[in-house]
Amino acid sequence: PFWKSILAGPAPRQSVTAPRSIAGVEATSDLLDSWNLFPDRPWANDFPNQWTPGETGARERLERFLDNGLALYHRRDEPGIESTSGLSPHLRFGEISPYQVWHAVESVVTPETRANASRFLSEVGWREFSYHQLFHNTDLHRRNLRAEFDEFPWEEPNPAHLSAWKKGKTGVELVDAGMRELWKIGTMHNRVRMVAASFLIKNLGIDWRIGEAWFWNTLVDADEASNPASWQWVAGSGYDAAPYFRVFNPELQAAKFDPDSVYRARWIEEYNTPLYPEPIVSLSDTRARALADYATMRGERPQQ
Ligand SMILES: Cc1cc2nc3c(=O)[nH]c(=O)nc-3n(C[C@H](O)[C@H](O)[C@H](O)COP(=O)(O)OP(=O)(O)OC[C@H]3O[C@@H](n4cnc5c(N)ncnc54)[C@H](O)[C@@H]3O)c2cc1C
């Protein structure tokens, strides 16, 4: 409904051109290098291969997507191929605006790419919807938007399970590949984010806020609106959210969206070797428990 009502209105205005100069105030300034902001340990070495912060990097990324990705966008759910824009960190830091993205897409769209373009713009619309939610709920990262979830019987997280999730060592391949991608390059494919989040919340029984905080600390596109709104969407506690009882099955998701294991083999070094761990939980048992917890929250008797 949100996106439909946006589309029913006028198209977004053209973005204003940048001023040649800005009359600022005279101020003394520290040299940025003197703040020693770079990490001592080389954990971020791979980040520069993935994105170039700044407006130029953002524009180049958009052009690359329009040239190569848009025609492939119907395959956006397949993490093994590059079919999405990679614009999220640039949008997050205001290096490009949704208006610029909108007009750039509309200027190149053809009858063949119309469906993909509309779908892509609707994803940008999810970002707008997230901001709409944040605007009306400034505690979006803390408070369940659907108050019935305040009764959810979360338990203290099992530290070993939480650590395995963060390190990508759960023995559940698609989850591990995503969590390792996140650790290595600060991002994760959207479908895998949904699967990894669902696994944490529903199979490990860990409160969505703990996962949200980890993503907030590790994503290069960590966004105060999109991150909590998406976690609440997966948890079922958000507006227009996936119902809680929709528990993603990571194995079926992997078979469907990574059928040739390209993505999993890319991120899991010991993929398909005896060194890869056994699953830390049974997917079917934990799914049943999640549904029982959901029934408890709703004051229903769990089904046998
Ligand atoms: C648990 C979880 C946490 C997430 N946390 C973040 C976050 O912190 N920051 C963030 O930008 N996105 C977040 N997302 C949304 C989405 O995963 C990323 O925006 C997307 O993967 C970025 O890749 P892309 O730029 O190639 O996307 P594209 O498919 O090319 O989409 C274009 C743009 O639309 C926006 N967008 C796409 N999907 C969504 C969505 N579901 N919700 C909101 N905006 C969207 C992004 O700005 C993105 O750059 C999260 C999703 C989940 C399931």
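This one's a predicted model, so the numbers in the text were calculated from it and none came from an experiment. (Residues numbered from 1 in each chain as written. Predicted model: local features only at pLDDT ≥ 70, side-chain atom pairs only at ≥ 80, totals over all residues. Heavy atoms only, no water.)

Topic: a nonpolar patch on the surface
Our working definition: What makes a patch is a set of residues exposed beyond 30% relative accessible area and free of salt bridges, joined within 9 Å when like-charged and within 5 Å when nonpolar (Val, Leu, Ile, Met, Phe, Trp, Tyr). For every accessible area listed, the method is Shrake-Rupley and the probe measures 1.4 Å; residues are considered covered only by the protein chains on display. In the sections that follow, a salt bridge refers to a side-chain nitrogen of Lys or Arg positioned within 4 Å of a carboxyl oxygen of Asp or Glu. Secondary structure is summarised from DSSP: a helix means a run of H or I of at least four residues, a strand means a run of E of at least two, and numbering begins at the N terminus for each. We call a residue buried when its accessible area falls under 20% of the maximum for its residue type, exposed when it is over 50%, and partly exposed in between, using a 1.4 Å probe and counting protein chains only.
Together, Leu32, Trp35 and Leu37 make up an exposed nonpolar region whose accessible area comes to about 390 Å². Here Leu37 shows up in the loop between α1 (2-8) and α2 (47-50). The exposed category is assigned to Leu37, whose relative accessible area is 60%.

Section: helix α9 (residues 190-203)
Quick note on the threshold: Multiplying 1.5 Å by the helix residue count minus one yields the expected span of that helix.
Between the first and last C-alpha of α9 there are 19 Å, a value that for 14 residues agrees with the 20 Å anticipated at 1.5 Å per step. Most of α9 sits inside the fold, with 13 of its 14 residues counted as buried. Positive backbone phi, approximately 65°, marks Gly205, located one or two places after α9.

What about the site of the ligand?
Applicable threshold: Summary of the distance rule: residues count as near a molecule or strand when at least one heavy atom falls within 4 Å of that molecule or strand. Counted as a polar contact is a pair of N or O atoms within 3.5 Å, where, for protein atoms, one must be capable of donating a hydrogen and the other of accepting one, and residues adjacent in sequence contribute only when both atoms are in side chains.
Looking at the ligand, there are 27 residues lining it, with Tyr73, Thr84, Ser85, Gly86 and Asn190 nearest. Residue Thr84 places a side-chain N or O atom 2.7 Å away from an oxygen atom belonging to the ligand. A distance of 3.1 Å separates a nitrogen atom of the ligand from a polar atom in the side chain of Asn227. Across the complex, the protein chains shield 93% of the 810 Å² of accessible surface that the ligand would expose by itself. Looking at the shell around the ligand, the elements that each hand over two or more residues are α4 (88-92), α6 (114-136), α9 and α11 (226-235).

Structural notes on α11
Keep this limit in mind: By definition in these notes, contact holds between two residues if any of their heavy atoms fall within 4.5 Å.
Of all the 10 residues making up α11, nine are buried; the element is thus mostly covered by neighbouring parts of the structure. Among the residues making up α11, those that are buried are Ser226, Asn227, Pro228, Ala229, Trp231, Gln232, Trp233, Val234 and Ala235. Buried positions along α11 lie against α6, α7 (159-167), α9 and α10 (208-218). Directly after α11, the chain includes Gly236, whose backbone phi takes a positive value near 95°.

Some details on the side chain of Thr170
Inspection of the secondary structure puts Thr170 in the loop between α7 and α8 (173-185). Thr170 gets classed as buried once you look at its relative accessible area, which sits at 0%. At 3.0 Å, the side chain of Thr170 forms a polar contact with the backbone nitrogen of Val172. If we skip the residues at most four places from it in the chain, Thr170 touches Ala164, Trp165, Val175, Asp176, Phe199, Glu278, Pro279 and Ile280.

As for the domain arrangement of the protein chain
You'll often see interface size given as the accessible area lost when the parts meet. This is how it is decided: These domain boundaries are the output of an automatic or database domain assignment. Buried area is understood as the total, over both parts, of accessible area removed when two parts are fitted together, assessed with a 1.4 Å probe. The classification used treats Ala, Val, Leu, Ile, Met, Phe, Trp, Tyr, Cys and Pro as nonpolar, Asp, Glu, Lys and Arg as charged, and all other residues, Gly among them, as polar.
Assigned domains of the protein chain: these are domain 1 (49-136) and domain 2 (147-297). On a C-alpha basis, the centres of domain 1 and domain 2 stand 24 Å from each other. With both chains or domains summed, domain 1 and domain 2 bury close to 1800 Å², and 59% of this area falls on carbon and sulfur atoms. If you sort the residues of domain 1 by the area they bury against domain 2, Asp77, Pro79 and Arg92 come out on top, with a joint share of 32%. At the surface where domain 1 touches domain 2, the tally comes to one salt bridge. The residue Arg191 makes a salt bridge to Asp77 at a minimum N-O spacing of 3.1 Å. Joining domain 1 to domain 2, the criterion identifies six residue pairs in polar contact (both at pLDDT 80 or more). Mapped onto the side of domain 1 that touches domain 2, the elements with two or more residues apiece are α4 and α6. Element by element, the count of residues in the side of domain 1 that touches domain 2 is highest for α6, at seven residues. Split by residue class, the side of domain 1 that touches domain 2 holds eight nonpolar, five polar and five charged.

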